[in-house]
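# A look at the structure
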Amino acid sequence: PRSRRSTIGAHKRAAAARPRCRRSRPMHPFVRAVLRTRFVSAYVKALETRPLPTKCTTSGTLMVLSDGIRQKLEADDRRAPFRYDVARAARLTAFAICFHSPYLHAIHPWYERLWVRYKVRHTAATPRG
């Protein structure tokens, strides 16, 4: 009988031989143009050279923007004048920078190893029937 070590090695070799990703449709010209901009190129380079600080900065920025939109929507729902809550935004941003981004940075490689190991092709649920 085969040892467990040889089975795991064979599985890794088979996973490495498979193509990484296939596009089902050609890329839209607008998306292709956006991906060729200097900003996107600089962002990709920053992700490759300094992944964690780049992810933390991105997460913090998106948290400030999304919380500002949410606060505006909440003010509109109450029909009250809009007043930006800086303390709330600071708390959410600190959470995003100090916990959320580092956690996801650490956990995603583990998830990807599991997905390869169990041959998960997508993470969206599909109804059966």
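Let me sum up the structure you'll find in this document.

Each value, and the rule that gives it
Residues numbered from 1 in each chain as written. Predicted model: local features only at pLDDT ≥ 70, side-chain atom pairs only at ≥ 80, totals over all residues. Heavy atoms only, no water. Helix = DSSP H or I, 4+ residues; strand = E, 2+ residues; numbered from the N terminus. Buried < 20%, exposed > 50% of the residue type's maximum accessible area, 1.4 Å probe, protein only. Contact = heavy atoms within 4.5 Å. Areas by Shrake-Rupley, 256 points an atom, 1.4 Å probe, with all protein chains shown as cover. Axes fitted to C-alpha atoms, helices over the stretch in contact; angles between N-to-C directions. Parallel < 35°, antiparallel > 145°, perpendicular 65-115°, else oblique. Nonpolar A, V, L, I, M, F, W, Y, C, P; charged D, E, K, R; others polar. Phe/Tyr/Trp six-rings, centres within 6.5 Å; stacked < 30°, edge-to-face > 60°. Expected span 1.5 Å × (residues − 1). Bend = angle between axes of the 7 residues up to and from the residue. Polar contact = N/O pair within 3.5 Å; in protein donor to acceptor, adjacent residues only side chain to side chain. Patch = residues over 30% accessible without salt bridge, like charges linked within 9 Å, V, L, I, M, F, W, Y side chains within 5 Å. Salt bridge = Lys/Arg side-chain N within 4 Å of Asp/Glu carboxyl O.

This brings us to the overall build of the chain. Helix and strand content of the chain: five helices and zero strands. Ordered by position from N to C terminus, the α and β elements of the chain give α-α-α-α-α. Counting over 129 residues, the chain shows a buried share of 12%. Contacts in the chain between residues at least 24 apart in sequence constitute 50% of all its contacts with a sequence separation of at least 6. Approximately 11500 Å² of the chain is accessible, and the part contributed by carbon and sulfur atoms is 61%.

Another point: the environment of Val 86. Note on placement: Val 86 falls in helix H5 (residues 86–117). Here Val 86 falls in the exposed class, since its relative accessible area comes to 55%. In this structure, the C-alpha to C-alpha distance between Val 86 and Val 64, residues 22 residues apart in sequence, is 9.5 Å.

Here the focus is the packing of helix H3 (residues 38–49) against helix H4 (residues 51–78). Packing of H3 against H4 leaves a shortest axis separation of 5 Å and a crossing angle of 130 degrees. It follows that H3 is oblique to H4 by the angle criterion. Across the interface between the two elements, Tyr 43, Ala 46, Leu 47, Glu 48 and Thr 49 of H3 pack against Pro 51, Thr 54, Lys 55 and Thr 58 of H4. In terms of residue class, the contact of H3 with H4 is made up of four nonpolar, three polar and two charged.

With that settled, the discussion passes to the packing of aromatic side chains. Tallying each qualifying case throughout the model produces four aromatic pairs. Between Phe 95 and Phe 99 the ring centres are 5.4 Å apart and the planes differ by 40 degrees, which places this aromatic pair in the tilted class. Remark: Phe 99 and Phe 95 occur in helix H5; sequence separation between them is four residues, near one turn of the helix. Phe 99 sits in the partly exposed class, given a relative accessible area of 46%. Ring geometry for Trp 110 versus Tyr 111: centroids 5.5 Å apart, planes at 45 degrees, classification tilted.

With that out of the way, let us pick up H5. For an α-helix, the turn length of 3.6 residues means that residues three or four places apart are oriented alike. Taking 1.5 Å of rise per residue, the 32 residues of H5 would be expected to cover 46 Å, and the 44 Å separating its terminal C-alpha atoms lies within 8% of that figure. Within H5, the axis deviates most sharply at Ala 96, by approximately 40 degrees. If you check which residues of H5 are buried, you get Ala 89, Thr 93, Ala 96, Ser 101 and Ile 107. Structurally, H5 contributes buried residues whose contacts are with H4. Measuring from the side-chain oxygen of the N-cap residue of H5 to the backbone nitrogen of Ala 87 gives 3.4 Å; that N-cap residue is Asp 85.

Further remarks concern a nonpolar patch on the surface. Judged by side-chain polarity, Phe 95, Phe 99, Tyr 103, Leu 104, Trp 110, Tyr 111, Trp 115, Tyr 118 and Val 120 come together as a nonpolar surface patch covering roughly 880 Å² of accessible area. The class for Phe 95 is partly exposed, based on a relative accessible area of 41%.

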